[in-house]
Amino acid sequence: MATLTASKRLVVKIGSALLVDAATGALRQDWLTSLAQDVARIRARGTDVIIVSSGSIALGRGILGLPRTALALEQSQAAAAVGQIRLARAYEEALTPHGIITGQVLVTLEDSQDRRRYLNSRATMETMLGFGVTPIVNENDTIATDEIRYGDNDRLAAQVAVTIGADQLVLLSDVDGLYTANPRIDSTAKHLDLVEKLTPEIEAMAGDAGSGLSKGGMITKLIAARIATEAGCAMAIALGTGHNPLLAMENGAPATWFAAQTDPQAARKRWISAMKPRGTITVDGGAQDALHHGKSLLPAGVTQISGSFGRGEVVTITDAAGATLGQGLIRYTSAEARQIMGRRSAEIVEILGYDGRAALIHRDDMVL
């Protein structure tokens, strides 16, 4: 069974019901302070931590004095706009005493469905982690409508975990895991410590949403589990209502773990391999050698480009003789790539008029 102490890159999802007091609409400051202690301890052992946090609408609702009944879209967006500022400040104030820099990342469903936005989101969060920043991710409820919404942060958290190649995802909730039936109405329900593989029988155990503040229920958590585990990320559903919830998990508090079905890197490579190439990039001998030593593909090593493609689409990489070396997700359009091929990365801003990515194809977005 997975344990938090083994994680290299951890995504933690925080539900609204944990962060915001249901009766007053106020932030549970003491609880957030305890969570910050957990995050600091986990980061201290070399683990990257990304937080996916609900709570902007719930906080904004309380500040604006809006009722707990269903809100109109415009009211939800206004509440989110007010709450997002408060939410970001709260995380900053909780984590700064531990020497942790935070950064806010607001996304919508379109950011994972559109390959260009997907690559940009991934590159931004990877860079933040490289600088030692803890990203605080939330759905951009100020602009999101039903057509571009995740609708719940369980699935958003799973997508974030997939995007940045996390090996573990923890959904902190008001339940301590998955049961064979709803334990609130069935006294014979049994807690499941480990789910090796999601089956129709397991999925049938899911019930409806329970909290008045959260939109997710066990159904959305199992959907998140499928997304995460198939991409090589183990997932846990754990009780988060008490202080120091991650420490409690490490000390043996009940949780349900869903086993990863592969490893994150292998899943990503398989995904890239299955995509249809939209063009071809021919490289010289120096670039070919660099690729085989685990380097990214830089513009300087490219000698020819064929096909028409957009940012984030897959292209084939070939050597000078036309032999296929692999394929990867390209960070430039075909027109842009033709302008900068054979040139040094430092020249990109002068050629294109903006400061683009140094690599045409990053090594993590490539299969050889």
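Residues numbered from 1 in each chain as written. Predicted model: local features only at pLDDT ≥ 70, side-chain atom pairs only at ≥ 80, totals over all residues. Heavy atoms only, no water.

Going by what an unreviewed UniProt entry lists, the protein chain is known as Glutamate 5-kinase and is assigned to Yoonia algicola. UniProt, in its Sequence similarities (unreviewed entry) section for the protein chain, records the words "Belongs to the glutamate 5-kinase family." The annotation that UniProt attaches to the protein chain under Subcellular location (unreviewed entry) is "Cytoplasm". (UniProt positions renumbered as here; feature names shortened; annotations may be inferred.)

Novice: How should the overall build of the protein chain be read in this particular structure?
Specialist: When helices and strands are tallied, the protein chain shows 14 helices and 13 strands. Scaling as 2.2 N^0.38, a compact globule of 368 residues should have a C-alpha radius of gyration of about 21 Å, and the protein chain matches this with 22 Å. Structurally, the protein chain occupies a C-alpha span of about 70 × 45 × 40 Å along its principal axes. Relative to its full complement of 368 residues, the protein chain shows a buried share of 49%. Counting contacts in the protein chain only where the partners sit at least 6 residues apart, residues at least 24 apart contribute 73% of the total. (Helix = DSSP H or I, 4+ residues; strand = E, 2+ residues; numbered from the N terminus. Rg over C-alpha atoms; globule rule 2.2 N^0.38 Å. Buried < 20%, exposed > 50% of the residue type's maximum accessible area, 1.4 Å probe, protein only. Contact = heavy atoms within 4.5 Å.)

Novice: Can you walk me through the pairing of strand β7 (residues 234-239) in this structure?
Specialist: Within a regular strand, side chains alternate between the sheet's two faces. Of all six residues in β7, five are buried; the element is thus mostly enclosed. Summarising the sheet, strand β5 (residues 168-173) and β7 pair through six bridges and their orientation is parallel. Residue pairing across strands places Ser-173 opposite Leu-239, the latter belonging to β7. Strand direction decides the pairing type here: β7 and strand β8 (residues 255-258), joined by four bridges, are antiparallel. Residue pairing for β8: Met-235 is matched across the bridge by Phe-258. (Pairing = 2+ DSSP bridges.)

Novice: Would you mind going over the sheet that holds strand β13 (residues 366-367) with me for this structure?
Specialist: Backbone hydrogen bonds hold the strands of a sheet together, and the pairing may be parallel or antiparallel. Taken together, five strands build an open sheet; the order of strands is β10-β9-β11-β12-β13 and the sheet is mixed. At either margin of the open sheet sits one strand with a lone partner, and together these are β10 (302-307) and β13. Sheet topology note: the strand β11 (residues 314-318)/strand β12 (residues 324-329) ladder contains five bridges and is antiparallel. From the neighbouring strand, Thr-318 faces β12, where its bridge partner is Thr-324.

Novice: I tried to follow helix α7 (residues 153-163) on my own but got confused; where do I start?
Specialist: The α-helix winds at 3.6 residues per turn, so residues separated by three or four positions along the chain end up facing the same way. Burial runs high along α7: nine of the 11 residues are buried. Restricting attention to buried positions, one finds in α7 the residues Asn-153, Asp-154, Leu-156, Ala-157, Ala-158, Gln-159, Val-160, Ala-161 and Thr-163. Phi turns positive one or two residues past the end of α7, at Gly-165, with a value near 65 degrees.

Novice: Where do I start with the sheet that holds β7 in this structure?
Specialist: Judged by pairing direction, the sheet is mixed, and its eight strands sit side by side in the order β3-β4-β2-β1-β5-β7-β8-β6 without closing on themselves. Two strands lie at the open edges of the sheet, namely β3 (101-107) and β6 (194-195), each paired on one side alone. With five bridges connecting them, strand β1 (residues 9-14) and β5 associate as parallel partners. Paired with Leu-10 across the bridge in β5 is Gln-168.

Novice: Teacher, can you tell me more about the UniProt feature "domain: PUA" (unreviewed entry) in the protein chain here?
Specialist: The UniProt entry lists residues 279-361 under the feature "domain: PUA" (unreviewed entry), expressed in the numbering used here. Annotated as 24% helix and 27% strand, the span residues 279-361 places its first and last C-alpha atoms 13 Å apart.

Novice: For this particular structure, what's the right way to read the packing of helix α3 (residues 56-64) against helix α4 (residues 73-95)?
Specialist: Geometry of a packed helix pair, given as the angle between the helix axes and the separation of the axes. Direction vectors running N to C along α3 and α4 enclose 100 degrees, while the axes themselves pass 6 Å from each other. Judged on the interaxial angle alone, α4 and α3 are roughly perpendicular. Contacts between α3 and α4 involve Ser-56, Ile-57, Leu-59, Gly-60, Arg-61, Ile-63 and Leu-64 from the former and Ser-76, Ala-78, Ala-79, Ala-80, Val-82, Gly-83, Gln-84, Arg-86 and Leu-87 from the latter. Partitioned by chemical class, the residues of the contact of α3 with α4 number nine nonpolar, five polar and two charged. (Axes fitted to C-alpha atoms, helices over the stretch in contact; angles between N-to-C directions. Parallel < 35°, antiparallel > 145°, perpendicular 65-115°, else oblique. Nonpolar A, V, L, I, M, F, W, Y, C, P; charged D, E, K, R; others polar.)

Novice: What should I look at first to understand the UniProt feature "binding site: substrate" (unreviewed entry) in the protein chain in this one?
Specialist: When the UniProt feature table is mapped to this numbering, "binding site: substrate" (unreviewed entry) covers Ser-54, Asp-141 and Asn-153. Looking at the element boundaries, Ser-54 is found in the loop between β2 (48-53) and α3. Since its relative accessible area comes to 11%, Ser-54 is described here as buried. Its relative accessible area of 8% is what places Asn-153 among the buried residues. Look past the residues within four positions of Asn-153 in its chain and what remains in contact with it is Lys-13, Val-52, Ser-53, Ser-54, Asn-138 and Glu-139.

Novice: How should empty space enclosed by the protein be read in this particular structure?
Specialist: One pass over the structure, following the stated rule, counts two cavities of 30 Å³ or more. In this structure, the second largest cavity occupies an estimated 50 Å³ of space. What lines the second largest cavity is simply Gln-84, Leu-87, Ala-88, Gln-104, Leu-106, Ile-136, Val-137 and Asn-138. Looking at the lining of the second largest cavity, the elements with two or more residues in it are α4, β3 and β4 (133-139). Looking at side-chain class alone, the lining of the second largest cavity contains five nonpolar, three polar and no charged residues. (1 Å grid on protein atoms, 1.4 Å probe; cavity = no way out; pocket = protein on both sides within 12 Å on 5 of 7 lines; lining within 4 Å. Points joined across faces, edges and corners; volume = space filled by probe spheres on them.)

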